[in-house]
Amino acid sequence: MTRPHKQEQESAREEVTEVAPNVLRMQLPIRMPGLGHVNCYALLDERGAAVVDPGLPGSATWKTLQQRLARAGLRVRDVHTVIVTHSHPDHFGGATRFAKEAGSRVIAHRSFRFGVSEATHEQPEVSVDDLAAHADREASLGEEPRQRGPVGHTPREPWKIGRTPWGGEPPRPSFKMRMRWRMARWLGGLSFVPRISDPVSGGDVLRLAGRDWFVVHTPGHTEDHFCLHDPDEGLFLAGDHVLPTITPHISGLSLRADPLAAYFESLDRVADIQPVHQVLPAHGHPFDDLADRCRAIQKHHVERLEKVKSIGRELGLASVEAFSQRLFKQRSWGAMAESETFAHLEHLRRLGMAEARRQQDGRLFYSTG
Ligand SMILES: [Zn+2]
């Protein structure tokens, strides 16, 4: 049996397409689990262009970006604005470079955070390497894992404490990716996490590509995720909130106690937005049935919650790892699967449909009655 075709896995194509008047789609290569490209959109106006989600950090993406811009008759210095839909490296990568070379302003949601999530308004000048080094140091000091408070209260610095809230190993980028970032940082002497010059909030209006776009805050995939809606022409820049053929990862490592509940609410809010004639996602091809796609993704998670409950009936009291290995196929096992499983278990627990118990070794065990 062949697996159904997933648009998000397709490798990046070279062509630049005008998906709406003054809105160009440029595909940049990425290689992440389930993803072969990220869509960077250029929004053209009389001053040049704004780009949305300029790919991964590093010189390979930067070179490709310049080629795509050239195809569209644009130069780096024409990019007056960079919009980052959320705090994942495949979306904010080129932002720092545009700010440096073109003086572009960088727009992201007010709650934009990457890595260490201190409850401050300063941008974290911290790379994943720093976080890993810190975790190693704490481990070598033999420090006891910090008391993490009641179940469901997720720690703010999951990498720093070296363990996840459920007691497993935290997710880390691949070795290759970490090396690449380290090199980029070393060569450029820059942090690859952009400074946000223009933070925005839900309800703000941005003038881009000769249109007014409303900022729609959509926490779930990340706390700081936002979409843009142009009500005049019914365009919707969706980021990773709603993707055409896969469901975005919902991480249990969140500032929210229940990120899945936040995601459900954000899907509800977006499903009600009208008019929407064209959805421009960050991965995969543009599509038009936004409300249907929101409902389908909600249904997927409701089915996953049912499956978690039935796994619990079979296993009895079991670790997050054990739940995740029943919920996910073996090729997906690991920290990301555990993180998503944890988000589902915590959602059930908060609804009174699961119970959690912390074992002596710090691992969380759940039962779903
Ligand atoms: Zn993405």
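Since we're looking at a predicted model, the values are computed, not measured.

The rules behind each value
Numbers given to residues run from 1 along each chain, matching the order in which its sequence is written. Given that the model is predicted, a residue must reach a pLDDT of at least 70 before its local features are reported, and side-chain atom pairs must reach 80 or more before they are shown or counted; all residues, however, enter totals for whole chains, interfaces and linings. With hydrogens and water stripped out, all remaining heavy atoms of the structure feed into the side-chain values. Here, the term nonpolar core denotes a set of buried Ala, Val, Leu, Ile, Met, Phe, Trp, Tyr and Cys residues that are joined through side-chain atoms within 4.5 Å. Burial here depends on accessible area, computed with a 1.4 Å probe over protein chains only, as a share of the maximum for the residue type. Under 20% is buried, over 50% is exposed, and the range in between is partly exposed. Secondary structure is summarised from DSSP: a helix means a run of H or I of at least four residues, a strand means a run of E of at least two, and numbering begins at the N terminus for each. Here a cavity means grid points, on a 1 Å grid over the protein atoms only, where a 1.4 Å probe fits yet cannot get out; a pocket means an open set of points with protein on both sides within 12 Å along at least five of seven lines; lining residues are those with an atom within 4 Å of a point. Grid points are joined across faces, edges and corners, and a volume is the space filled by probe spheres set on the points. Residue classes follow a fixed rule: Ala, Val, Leu, Ile, Met, Phe, Trp, Tyr, Cys and Pro count as nonpolar, while Asp, Glu, Lys and Arg count as charged, and any other residue, Gly among them, counts as polar. Pairing of aromatic rings covers Phe, Tyr and the six-membered ring of Trp, with a centre-to-centre limit of 6.5 Å; geometry is then stacked below 30 degrees between planes, edge-to-face above 60, and tilted otherwise. Here a donor is any nitrogen, oxygen or sulfur atom (N, O, S) within 2.8 Å of the metal, with 3.2 Å used for Na, K and Ca; water is not among the atoms considered, so some sites may look incomplete. Angle rules define the geometry names used: all angles between 85 and 135 degrees makes four donors tetrahedral, while opposite donors over 155 degrees apart and all other angles between 65 and 115 make four donors square planar and six octahedral, leaving every other case irregular. Here the axes come from fitting lines to C-alpha atoms, over the contacting stretch only for helices, and the angles between their N-to-C directions go from 0 to 180 degrees. Orientation is classified from the angle alone, with under 35 degrees giving roughly parallel, over 145 giving roughly antiparallel, 65 to 115 giving roughly perpendicular, and any other angle giving oblique. In this scheme the handedness of a crossing depends on how the near helix is turned from the far one: anticlockwise by less than a right angle means left-handed, clockwise means right-handed. Only heavy atoms matter for contacts: two residues are in contact if any of them lie within 4.5 Å across the pair. One bridge is not enough; two strands pair if DSSP finds at least two bridges between them. Expected helix span is taken as 1.5 Å per residue step, with the number of steps being one fewer than the number of residues.

In terms of nonpolar packing, the biggest core is built from 37 residues, with Phe 236 and Leu 290 touching the most fellow members. Secondary structure elements with two or more residues in this core: strand S11 (235–239), helix H6 (259–271), helix H7 (290–315), helix H8 (320–327), helix H9 (335–350) and strand S15 (364–367). Formed by 30 residues, the second largest nonpolar core is a distinct cluster that contains Leu 44, Leu 56, Val 82 and Ala 108.

Moving on, we get to empty space enclosed by the protein. Summed over all chains, the structure comprises 1 cavity of 30 Å³ or more. As a volume, the largest cavity reaches approximately 40 Å³. What lines the largest cavity is Asn 39, Tyr 41, Val 52, Asp 53, Thr 85, Leu 237, Ala 238, Gly 239, Leu 280, Pro 281 and Ala 282. The set of elements that each furnish at least two residues to the lining of the largest cavity consists of strand S3 (35–45), S11 and strand S12 (278–281). Element by element, the count of residues in the lining of the largest cavity is highest for S11, at 3 residues. Per-class residue counts for the lining of the largest cavity are 7 nonpolar, 3 polar and 1 charged.

The next subject is the packing of aromatic side chains. Counting across every chain of the model gives 3 aromatic pairs. The interplanar angle of 70° and the centroid separation of 6.0 Å between the aromatic rings of Phe 92 and Phe 112 together place this pair among those described as edge-to-face. Residue Phe 92 is located in helix H2 (residues 89–92), and its partner Phe 112 is located in the loop between strand S6 (105–109) and helix H4 (128–140); the two are separated by 20 residues in the primary sequence. The pair formed by Phe 92 and Phe 112 is uniform in burial state, with each residue classed as buried. Summarising the aromatic geometry, the rings of Trp 166 and Phe 342 are spaced 5.0 Å apart at their centres and angled 35° between planes, so their arrangement reads as tilted. Separated by 176 residues along the polypeptide, Trp 166 in the loop between H4 and helix H5 (175–188) and Phe 342 in helix H9 bring together distant segments of the chain.

Attention now moves to the coordination of the zinc ion. Distances from the zinc ion to its protein donors, Asp 90 (OD), His 91 (NE2), Asp 240 (OD) and His 283 (NE2), fall within 2.0 to 2.6 Å. Taken together, the 4 donor atoms coordinating the zinc ion and their angles of 87 to 160° define a geometry best described as irregular. Considered as a linear motif, the donors of the zinc ion on their single chain read D-H-x148-D-x42-H. Placement of the pair is His 91 in helix H2 and Asp 240 in the loop between S11 and H6, with a sequence separation of 149 residues. With respect to burial, His 91 and Asp 240 carry one shared label: buried.

With that settled, consider the packing of H7 against H8. The contact between H7 and H8 brings their axes to 10 Å, and the two run at 120°. On the basis of their axis angle, the class for H7 and H8 is oblique. Along this stretch, H7 crosses H8, giving a crossing that reads as right-handed. Within the contact between the two elements, H7 uses Arg 304, Lys 307, Val 308, Ile 311, Gly 312, Glu 314 and Leu 315 and H8 uses Ala 322, Phe 323, Arg 326 and Leu 327. For the contact of H7 with H8, the per-class residue count stands at 6 nonpolar, 1 polar and 4 charged.

Here we come to the pairing of S12. Summarising the sheet, S11 and S12 pair through 4 bridges and their orientation is parallel. Along S12, the bridge assignment pairs Gly 239 with Pro 281.

A few words on the sheet that holds S12. Ordered in space as S8-S9-S10-S11-S12, the 5 strands form an open sheet in which the pairing is mixed. Looking at which strands have only one partner, the edges of the open sheet turn out to be strand S8 (205–208) and S12. Shown here is a sheet whose adjacent strand axes are inclined to one another by a mean of 25°, direction ignored.

What the 7 strands build is an open sheet, ordered S1-S2-S3-S4-S5-S6-S7; its pairing is mixed. What marks the edges here is a single partner per strand, and that holds for strand S1 (17–20) and strand S7 (198–200). When strand polarity is set aside, the average angle formed by the axes of neighbouring strands in this sheet is 30°. As defined by bridge partners, S6 adjoins S7 across 3 bridges and the pair is classed as parallel. Within the sheet, the bridge partner assigned to Ile 107 lies in S7 and is Asp 198. Sitting on the sheet, helix H1 (residues 59–71) is in contact with strand S2 (23–32), S3, strand S4 (48–52) and strand S5 (79–83), with an inclination near 160° to S2. Contacts from helix H3 (residues 95–102) reach S4, S5 and S6, with the element oriented near 160° to S5.

On to the environment of Arg 363, then. Secondary-structure assignment places Arg 363 in the loop between strand S14 (355–358) and S15. A sequence separation of 197 residues divides Arg 363 from Trp 166, and the C-alpha atoms of the two residues are 5.4 Å apart. The residues contacting Arg 363, other than those within four sequence positions of it, are Arg 163, Trp 166, Gly 167, Ser 319, Glu 321, Arg 357 and Arg 358.

Its 26 residues place the ends of H7 37 Å apart at the C-alpha level, agreeing with the 38 Å of an ideal helix rising 1.5 Å per residue. Those residues of H7 that sit buried are Leu 290, Arg 293, Cys 294, Ile 297, Gln 298, His 301, Arg 304, Leu 305, Val 308, Lys 309, Ile 311 and Gly 312. Where H7 is buried, its residues meet S11, H6, S12, H8 and H9. Of the residues trailing H7, Gly 316 is marked for its positive phi of about 70°.

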